[in-house]
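# Understanding the architecture of this molecule
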Amino acid sequence: MEATNSLLDTAAIGDLVLLDPLTEDSLLRTLRERFRREDIYTYIGNVLISVNPYQPLPIYTPEKVQEYHNCNFFAVKPHIYAIADDAYRSLRDQDRDQCILITGESGAGKTEASKLVMSYVAAVCSKGEEVDKVKEQLLQSNPVLEAFGNAKTIRNDNSSRFGKYMDVEFDFKGEPLGGVISNYLLEKSRIVRHVKGERNFHIFYQLLAGGSVHLLQQLKLQQDCQHYVYLNRESCSLPGVDDAANFHTMQDAMRIIGFSPAEVTALLEVTAVVLKLGNVQLSSSYQASGMEACSIAEPQELQEICELIGLDPGTLEQALCSRTVKARDETVLTTLSAPQGYYGRDALAKNIYSRLFDWLVTRINTSIQVKPGKQRKVMGVLDIYGFEIFQDNGFEQFIINYCNEKLQQIFILMTLKEEQEEYVREGIQWTPVEFFDNSIICNLIENGKNGILAMLDEECLRPGVVNEDTFLTKLNLLFASHKHYESKETQNARHVMDSSLLPQCFRIHHYAGKVTYNVTGFIEKNNDLLFRDLSQAMWAARHPLLRSLFPEGDPQKVSLKLPPTAGFQFKASVAMLMKNLYSKNPNYIRCIKPNETKAAMLFTPELVLAQVRYLGLMENVRVRRAGYAFRQLYGSFLERYKMLGSQTWPRWTGSDRAGAEALLAELAFPPEELAFGHTKIFIRSPHTLFDLERRRQERVVQLATLIQKMIRGWRCRTQYQLMRKSQIILSAWFRGHAQKNKYKQMKRSALMIQAYVRGWKSRRLLRELKLQQHRHAAAATIAAYWKGYQVRRVYRRYFRSDASTRLANFIYRRLVQKFLMGLSRNLPPLSVMDRTWPPASYKFLANANEELRNIFYHWKCKKYREELPPQRKALLQTKLCASELFKDKKTLYPKSLQQPFRGEYLGLTQNPKYQKLHAVAKDKLVMADNVRKVNRANGKTVPRLLLLTTEHFVLADPKAAQPKTVLSLGDIRSVSVTRFSDGFLVLHLKETSTGAAKGDFLLVSDHLIELVTRLHQTLMDATAQALPLHITDQFSTRFQKGDVAITVVESDKAGTNGPVCKKRGNHRMEVLVH
Ligand SMILES: Nc1ncnc2c1ncn2[C@@H]1O[C@H](COP(=O)(O)OP(=O)(O)OP(=O)(O)O)[C@@H](O)[C@H]1O
Ligand SMILES: [Mg+2]
């Protein structure tokens, strides 16, 4: 609504095509009125005119971006976003590469416009991590390039001192993939010189203001701008510009683009070197030969530069102060005068900086470039220096204006000439519109044979004396009659008096006005030569970046071929640019500068009118008004709009033109709005096109809905089918599984029932069979008995009455016989220890068998005894006797079982000491042993030798081996021993005996059991009387002094060697035993 109003508002019409009447005045008035209303953008058809407001306007907000996103170009207020949106959508939807040509004077707002276009495209294209990264990198190339390539000029505080063309590349979805930046002709002379009131490139001021103390120290720089000759010493800082903040922004931008910290440092080091080179002072002197020479006045700066770049100061000093000249085969080193030295120094600084800038662009390109192989669409944005007319115009202005001339040519070709030619070509009725074609000026400058640039190159390459005068003379000669060329000489020839044109100048009548160029410096700047000594010195530096900037300094690669001139290079790159632009669909933004003082909202009509004129805006409007707003090949047109016609949708089988005609006839547009060319359809007014587009959009929505509906339907159907199929498979599996389980269960149950039934049947059968068997057996038994009975009854009379007894006896005998025969075969071993005996085979034989067993055992023992030798027999008898005497009566007895009862323990025969005793014993010795005799008085024991013979019991002194007591066995009345396991015994003597004078003997023997047993046996043999043996704990004994009661006490105090006897008074004695 707003846009339509703005278009219809005659005082400030938005599209100048609708201006009525169309005059320069009305056009200017409209622009001014719109400018006053802060509508800085105006259309001429689809060309955007932008008037710099020099103040921030609230028309670039995100809401505005949304408003213009996917807008219809003619339906919204003129805006740069509308142009950007149109271009982006054509690129995305119609697959047409686009270029946005932004032209205008310096300070007209080109760079700002290009940034707005870029930021708009970045805002509307889709988002995503990768896409955002690419967008950010593309946008961040601006602060970096502006820091190094922009500077404050009188016209613009942020003037681009290089031309920039950026191709942004998109994929088929319209997402940015990357880009390529091309730069054109950096104004490097600004490094060493600039007009008063201007500044050097921003980077130097930014570095000094924003670099940390550490960084500046590292770069050997001082913070004060005043210190540097190359910098503007009057106004280092600009009002409203924060160099330090910009420096940090630039550093951040580099990081985002992908510069490594090492690369940033190297870049800043080379920048510092350029700055410091300006401070290298030379002093002039004279050599002995009278030749002028120069030397470094203050070595400090040179020293620091060399430290930064890793070069020997001597090498740089020599390169700055002298020059190697090759004359034939000789190499001569000539000294340079101080001005020559300064010239070389400045050339070096300029070269380093411009090459560094080229490196910077290449490095950014490396980061943002798109990987090869991807299909892409391209949107080019051209922001190139505007047309420049200064008081004193040099080589740079000439080149810049040439470039602008070429851009104007493109504009003319594409919008005016091309358009009119097209009408004629297509056979559309057409009244031609007059316009100025600037091809003649372009030709004047660039003609390969005799253009100004070609002449300049020729002069530069020509041997002999070459200077600007000869160059100018040549131009004067060539273009004496050229309409657009003027010089003092041609004026003189035409008798024109013009004091403004100086002799060393020539003037060109550009499309934008007349510009007078001073030829001074043309040759030198075109040659753009750097002394080889200097490039070699730079190559010799160890600083990798700096070294890489001067590949020609490599002595290995010395080439005598001169490098291409600056003019030649520029012409080639402009030609390339033009080719590139021609291949794309152009979108124009024509920037207008409203005043010279950068004042906000100030409109100077004269200044604007001049620009309106040279930009050819009037002609532009006129052609657009006379012509048609839109044209397209029938094929493309039909393809785009065929969905609007019932006949053409979805397929048209006839020719494209017939299709377009049928379609438009159906849409019923007024006939004057349309024209049918040979190959294209032409639509006169934008409104018709807008209408067409609107209808298309509505139809597209309908169609999209239809497609969506179909696809959704199809998807749901397919999904349903799939689900159904899956469901069937699932249920089939499930049912199968359930049935299988059921079957298994049934089978199990059937088997079980079967098993039970079979079992039951079998058991029943078994029962029956058993019963049958029982019956059979019973029947058989009964039958047998019965038969037996019958037989017996029959045979009874034939048997005697005792037949059965005899029969039974016979059977018994047979069984006994069989048993005994078996026994005789199976007799157990004859060992007396073996008590085994086979069991009885019949119960009635058990007693007999037991009896037989005892008989057999006794028989075995008897046989054993009979076979024993007499000694062994005697010993066993002794043992038997001991058992009878002591078994179960004295605890000592079980121990004696192990003792062999040797009898002779003293070794009387072997030991000569016992000779006497031996004599006593002679052959009658029964036992000889060591005993201890208890002293009757105190109970203590003394050792004695004991000899028992068949007649005597002898006690002898062990030392003397002399018998002390000899008792006849008949003197022994009885013997008493304890119940315990001691060897204590009391030998009770008959009172009448001779040996009994001192009383009974108390003895302790280690072989008590043997001693008593042998005594018993001997006594038995001698007297046929048993020895009375008392095994008791209390007994009385008789001593010389009377009877003594002996009590046996079990005590721990008893020694291990035998009992301990304690006398308790005269008549009591205790024997302590274990
Ligand atoms: N759309 C705008 N809104 C507000 N200010 C603007 C706008 N366009 C330009 N300017 C102001 O004008 C100044 C100059 O603009 P810009 O640098 O874009 O000029 P230019 O055409 O690129 O000049 P040059 O050819 O010297 O590079 C900007 O610094 C800014 O202050
Ligand atoms: Mg600019």
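Predicted model only: the values in this text are computed from it and were never measured. (Residues numbered from 1 in each chain as written. Chains lettered and ligands numbered in written order. Predicted model: local features only at pLDDT ≥ 70, side-chain atom pairs only at ≥ 80, totals over all residues. Heavy atoms only, no water.)

## Details of the site of ligand 1
Around ligand 1 sit 18 residues, and of these Ser 106, Lys 110, Thr 111, Ser 159 and Ser 160 come closest. One of the side-chain N or O atoms of Ser 159 is found 2.5 Å from an oxygen atom in ligand 1. Computed on the free molecule, ligand 1 has an accessible area of 620 Å², of which 86% lies beneath the protein chains in the complex. Secondary-structure elements contributing two or more residues to the shell around ligand 1 are α5 (110–124) and β5 (159–160). Top contributing element to the shell around ligand 1 by residue count: α5, with three residues. Of the residues contributing to the shell around ligand 1, the split by class is four nonpolar, eleven polar and three charged. (Near = heavy atom within 4 Å. Polar contact = N/O pair within 3.5 Å; in protein donor to acceptor, adjacent residues only side chain to side chain. Areas by Shrake-Rupley, 256 points an atom, 1.4 Å probe, with all protein chains shown as cover. Helix = DSSP H or I, 4+ residues; strand = E, 2+ residues; numbered from the N terminus. Nonpolar A, V, L, I, M, F, W, Y, C, P; charged D, E, K, R; others polar.)

## Examining the sheet that holds strand β21 (residues 941–949)
Sheet architecture is open: eight strands sit in the order β23-β22-β21-β20-β26-β25-β24-β27, paired in mixed fashion. At either margin of the open sheet sits one strand with a lone partner, and together these are β23 (962–968) and β27 (1029–1031). Strand after strand, the sheet turns through a mean of 30 degrees between neighbouring axes, direction not considered. Sheet topology places strand β25 (residues 984–989) next to strand β26 (residues 1001–1005); four bridges connect them, and they run antiparallel. Each residue of the ladder has a partner; that of Leu 987, found in β26, is Phe 1001. Most of the contacts of helix α33 (residues 1008–1023) go to β21, to which it runs at about 35 degrees, and overall it touches β20 (925–934), β21, β22 (952–957), β24 (972–977), β25, β26 and β27. (Pairing = 2+ DSSP bridges. Axes fitted to C-alpha atoms, helices over the stretch in contact; angles between N-to-C directions. Contact = heavy atoms within 4.5 Å.)

## Regarding the coordination of the magnesium ion (ligand 2)
At the metal site, the magnesium ion (ligand 2) is ligated by Thr 111 (OG1) and Ser 160 (OG), and these contacts range over 1.9 to 2.0 Å. Of this pair, Thr 111 sits in helix α5 while Ser 160 sits in strand β5, and the two are 49 residues apart along the sequence. Per residue, the accessibility class of Thr 111 equals that of Ser 160, and both read buried. (Donors = N, O, S within 2.8 Å, 3.2 Å for Na, K, Ca; no water. Buried < 20%, exposed > 50% of the residue type's maximum accessible area, 1.4 Å probe, protein only.)

## Overview of the nonpolar core
The biggest cluster of nonpolar side chains holds 187 residues, and the ones touching the most others in it are Phe 148, Ile 352, Leu 360, Phe 506 and Ile 589. The leading source of residues in this core is helix α13 (residues 338–368), at 13 residues. Of all hydrophobic cores here, the second largest spans 32 residues; its members include Leu 892, Phe 901, Leu 955 and Leu 1019. (Core = buried A, V, L, I, M, F, W, Y, C linked by side-chain atoms within 4.5 Å.)

## Some points on empty space enclosed by the protein
Tallied over the full model, the rule gives four cavities of 30 Å³ or more. As a volume, the largest cavity reaches approximately 80 Å³. If you go around the largest cavity, the residues you meet are Met 118, Val 121, Ala 122, Cys 125, Lys 135, Leu 138, Leu 139, Val 168, Phe 170, Pro 176 and Met 379. Counting residues per element, the ones that place at least two in the lining of the largest cavity are α5, α6 (129–149) and β6 (163–170). Split by residue class, the lining of the largest cavity holds ten nonpolar, no polar and one charged. (1 Å grid on protein atoms, 1.4 Å probe; cavity = no way out; pocket = protein on both sides within 12 Å on 5 of 7 lines; lining within 4 Å. Points joined across faces, edges and corners; volume = space filled by probe spheres on them.)

## Concerning helix α25 (residues 634–641)
Buried within α25 we find Tyr 634, Phe 637, Leu 638, Arg 640 and Tyr 641. What you see down the axis of α25 is that its buried residues fit within an arc of 165 degrees, all on one side. (Arc of directions from axis to C-beta.)

## Quick notes on the sheet that holds strand β19 (residues 680–683)
The strands making up a sheet associate through backbone hydrogen bonding, with each pair oriented either parallel or antiparallel. In spatial order, the strands read β17-β19-β18; together these three strands make up an open sheet with antiparallel pairing. Among the strands making up the open sheet, the edge pair consists of β17 (630–633) and β18 (674–676). The sheet shows a mean angle of 15 degrees between the axes of neighbouring strands, taken without regard to direction. Across four bridges, the pairing between β17 and β19 is antiparallel. When the sheet's bridge partners are listed, Gln 632 is paired in β19 with Ile 681.

## Focus: the side chain of Asn 404
Secondary-structure assignment places Asn 404 in helix α14 (residues 395–426). You can call Asn 404 buried: its relative accessible area is 2%.

## Comments concerning the pairing of β25
Across the six residues that make up β25, a large majority, six, are buried. Across the two faces of β25 the burial is the same, with Phe 984, Val 986 and His 988 and Leu 985, Leu 987 and Leu 989 all buried. As judged from the five bridges shared by β24 and β25, these two strands associate in the antiparallel manner. Note on β25: the bridge partner recorded for Ser 976 is Val 986. A loop of six residues connects β24 with β25, the two strands running antiparallel in sequence.

## Overview of a positive patch on the surface
Taken together, the side chains of Arg 758, Lys 761, Arg 763, Arg 764 and Arg 767 make up a positively charged region of the molecular surface. Residue placement: Arg 767 occurs in helix α27 (residues 686–795). A relative accessible area of 53% places Arg 767 in the exposed class. (Patch = residues over 30% accessible without salt bridge, like charges linked within 9 Å, V, L, I, M, F, W, Y side chains within 5 Å. Salt bridge = Lys/Arg side-chain N within 4 Å of Asp/Glu carboxyl O. Lys, Arg positive; Asp, Glu negative; His and termini not counted. Charge placed at Lys NZ, Arg CZ, Asp CG, Glu CD.)

## A word on the pattern of salt bridges
Counting across every chain of the model gives 51 salt bridges. Between Glu 24 and Arg 613 there is a salt bridge whose closest N-O contact spans 3.0 Å. Here the residue Glu 24 occupies a position in helix α2 (residues 24–36), and Arg 613 occupies one in helix α23 (residues 605–614), the gap between them amounting to 589 residues. For Glu 24, a relative accessible area of 28% puts it in the partly exposed group.

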